[in-house]
Amino acid sequence: MKLYNTLTKEKEDFQPLVPGEIRMYACGPTVYDLFHIGNARTFMVFDAMRRYFQYRGYKVHFVQNFTDIDDKIINKAKDQGVTSEAISEKFIKEYFKDADSLGIERADVHPKVTENIPEIIEIIRTLQEKGYAYEIQGDVYFDVTGYKDYGRLSKQNLEDLQQGSRVEVDERKKSPLDFVLWKSSKEGEPSWESPWGKGRPGWHIECSAMAKKYLGETIDIHGGGGDLVFPHHENEVAQSEAATGKTFANYWIHVGYLNVNNEKMSKSLGNFFTVRDIRREFDLEVLRFFMLSAHYRNPLNFSKELLISAKSGLERLYHSKENLERLLESGGSPGSSEEEKELVKRLEEYEERFIRKMDDDFNTADGISVIFDLVKDLNTHIGEGTSGETVSRGLELLKRLTGVLGLLEQEEEVLEEEIEALIEQRQEARKNKDYELADEIRDRLQGLGIELKDTPQGVQWRRKS
Ligand SMILES: Nc1ncnc2c1ncn2[C@@H]1O[C@H](COP(=O)(O)OP(=O)(O)OP(=O)(O)O)[C@@H](O)[C@H]1O
Ligand SMILES: [Zn+2]
């Protein structure tokens, strides 16, 4: 498998540290608002990558943090007269609602900064002890001139950076590029005790601390949106490598921007749509399909028109799947012809082609083209006369490949909701002593392949295998 590494600016052979296992960290959202679909692109790319790695047989350890302490959170809390925690807790819940509806699976750990303060303090202390950090009146800074590799990730040299940097407000720093590791707290702000007095962590240090705690000193993959290369990731590398003396991440992956009229979608520009804005008009799987139809490193322009055409593309995939399911239900004919044998052979080739494309720096755009080729072939060569086995192989393959991308998953979700609703109706009927209706609903559920079990904790259900 080849992955493009921002660190070397090359597609490299991907070799995880431990064969068969991948340790991957993605920078998560600052939780002071709903996230927009630009953020969603980055989250979705990492979700799809993780699914693909799993499909290729890797055990993936995936961590995505929540930045739950930050100026933006504090300011919003002040405006609304609530605690920072109230703001961050609310938007963490909202994050999960939107992520779930986008088919983004939960990471193995979603650590919060506020729950990792001792680990953060520990790294800062190490940096200070090793001479990479200095304190001024309760603020601690990283000394970039003391770290020889500063600028390596973003391919900038220190002198250019220093010349290019604005005159800093904080005259106390040794270099204008020095960044804050620990901030002394102002009156009324959330704060924690530390060796430098009461304060809170700077932004960059959190990821160094959490990646180390949950994945180890050296991880395989670290990523985020392209805007994070500098200064966020540059600073992460500096802190982590200065503290541990080891390589922080072997592969750096950055997702291209979702743009509007060729400008990055961002909160500050006001040119954004939240996931919920889109949900009012579109099924969110359409958005997912749209995002994954482009290579993750390329910028992607967003417009409603493009989303409408993505919708019809996705519908083509759904139609094919539904058609195969219908044929399967009708039983199919026995035996298999030469034509069918050829088709079965081609199925394997489609899967190989899909893997080849995806192995080449996770090219979902080409991967999706292969899926369309498969669908065309299935639509042409599978019909009433095809054996059940072949139909089922075609269907399985289609579901397997789209599943890797988190697509064509709508139906089951709807079904789940339907089941829950039916179970509720049945409970209601039983409460009203309408046992006839209750039994009728039970039979209907059975017809859908659902088994019910009455337990002291309530009704539980499972799909009959
Ligand atoms: N337009 C975009 N396209 C792709 N990824 C993006 C875009 N905007 C932000 N991201 C990514 O989303 C993730 C979450 O970022 P975060 O919550 O810090 O938002 P943000 O960068 O503050 O957004 P904004 O730039 O709109 O203020 C990061 O990995 C970031 O790089
Ligand atoms: Zn980060």
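What counts and what doesn't
- Residues numbered from 1 in each chain as written.
- Chains lettered and ligands numbered in written order.
- Predicted model: local features only at pLDDT ≥ 70, side-chain atom pairs only at ≥ 80, totals over all residues.
- Heavy atoms only, no water.
- Salt bridge = Lys/Arg side-chain N within 4 Å of Asp/Glu carboxyl O.
- Helix = DSSP H or I, 4+ residues; strand = E, 2+ residues; numbered from the N terminus.
- Buried < 20%, exposed > 50% of the residue type's maximum accessible area, 1.4 Å probe, protein only.
- Domains from an automatic or database assignment.
- Patch = residues over 30% accessible without salt bridge, like charges linked within 9 Å, V, L, I, M, F, W, Y side chains within 5 Å.
- Areas by Shrake-Rupley, 256 points an atom, 1.4 Å probe, with all protein chains shown as cover.
- Lys, Arg positive; Asp, Glu negative; His and termini not counted.
- Charge placed at Lys NZ, Arg CZ, Asp CG, Glu CD.
- Pairing = 2+ DSSP bridges.
- Axes fitted to C-alpha atoms, helices over the stretch in contact; angles between N-to-C directions.
- pLDDT = per-residue confidence, 0-100.
- Near = heavy atom within 4 Å.
- Polar contact = N/O pair within 3.5 Å; in protein donor to acceptor, adjacent residues only side chain to side chain.
- Core = buried A, V, L, I, M, F, W, Y, C linked by side-chain atoms within 4.5 Å.
- Contact = heavy atoms within 4.5 Å.

## Points about the pattern of salt bridges
Charged atoms that come close allow side chains of opposite charge to pair.
Step number 1: Evaluation of the coordinates by the stated rule reveals 44 salt bridges.
Step number 2: One salt bridge in this structure joins Arg288 and Asp47, with 2.7 Å as the shortest N-O distance. Residue Arg288 is found in helix H9 (residues 284–292), and its partner Asp47 is found in helix H1 (residues 37–55); the two are separated by 241 residues along the sequence. This pair shows no difference in class: Arg288 is buried, exactly as Asp47 is.
Step number 3: Put simply, Asp454 and Arg430 hold a salt bridge, and the shortest N to O gap is 3.1 Å. On the criterion of sequence distance, the pair formed by Asp454 in strand E14 (residues 450–455) and Arg430 in helix H14 (residues 410–431) is long-range, its members being 24 residues apart.
Step number 4: Overall, the relative accessible area of 41% leaves Asp454 in the partly exposed class.

## Some thoughts on the domain arrangement of the protein
Step number 1: Split by domain assignment, the protein resolves into domain 1 (2–255), domain 2 (304–404) and domain 3 (416–463).
Step number 2: Its C-alpha centre places domain 1 at a distance of 47 Å from the equivalent point of domain 3.

## Regarding a negative patch on the surface
Step number 1: Where like charges cluster on the molecular surface, the negative patch consists of Asp434, Glu436, Asp439, Glu440 and Asp443.
Step number 2: Topologically, Asp443 is positioned in helix H15 (residues 435–447).

## Re the sheet that holds strand E7 (residues 179–184)
Step number 1: Taken together, four strands build an open sheet; the order of strands is E5-E6-E7-E8 and the sheet is antiparallel. Strand pairing shows two members of the sheet lacking a second neighbour, strand E5 (133–136) and strand E8 (199–201), which therefore form its edges. Averaged over all pairs of adjacent strands, the angle between their axes in this sheet comes to 20°, without regard to strand direction.
Step number 2: Examined bridge by bridge, strand E6 (residues 139–142) and E7 share three bridges and lie antiparallel to one another. When the bridges of E7 are listed, Tyr141 appears paired with Val180.

## Here we look at the sheet that holds strand E12 (residues 263–264)
Step number 1: In spatial order, the strands read E12-E11-E13; together these three strands make up an open sheet with mixed pairing. In the strand order of this sheet, the two ends are held by E12 and strand E13 (300–301), each with one partner.
Step number 2: Across two bridges, the pairing between strand E11 (residues 258–260) and E13 is parallel. Within the sheet, the bridge partner assigned to Asn259 lies in E13 and is Asn301.

## A closer look at the confidence of the model for the protein
Step number 1: With 97% of its residues at a pLDDT of at least 70, the protein reaches an overall mean of 94.
Step number 2: Model confidence for the complex: the whole-complex pTM is 0.88, and ipTM, which rates the interface, is 0.98.

## What to know about the site of ligand 1
Step number 1: As a matter of local geometry, ligand 1 sits amid 20 residues, with His36, Thr42, Asp227, Lys264 and Lys267 nearest to it.
Step number 2: Taking Thr30, its main chain carries an N or O atom lying 3.1 Å from an oxygen atom of ligand 1.
Step number 3: Here an oxygen atom of ligand 1 sits 3.0 Å away from a polar atom, N or O, in the main chain of Gly225.
Step number 4: Relative to its unbound accessible surface of 590 Å², ligand 1 loses 92% to contact with the protein.
Step number 5: Elements that contribute at least two residues to the shell around ligand 1 include exactly H1 and strand E9 (219–225).
Step number 6: Looking at the shell around ligand 1 element by element, the count peaks at four residues for H1.

## Examining H9
Step number 1: By the criterion of burial, H9 is predominantly enclosed, with nine of the nine residues buried.
Step number 2: Within H9 the residues assigned to the buried category are Leu284, Glu285, Val286, Leu287, Arg288, Phe289, Phe290, Met291 and Leu292.
Step number 3: The residue sitting at the N-terminus of H9 and contributing the capping side-chain oxygen is Asp283; that oxygen lies 3.0 Å from the backbone nitrogen of Glu285.

## Concerning the nonpolar core
Side chains of a nonpolar character, in soluble globular proteins, are inclined to be buried together.
Step number 1: Judged by nonpolar contacts, the single largest core of 86 residues is most densely connected at Ile37, Met49, Phe53, Leu102, Ile221, Leu287 and Phe302.
Step number 2: A total of 10 residues in this core trace back to one element, the largest contributor, which is H1.
Step number 3: The two domains that each donate at least three residues to this core are domain 1 (2–255) and domain 2 (304–404).
Step number 4: Every residue in contact with Leu102, bar those within four places of it in the chain, is listed here: Phe35, Ala40, Met44, Val275, Leu284, Leu287 and Arg288.

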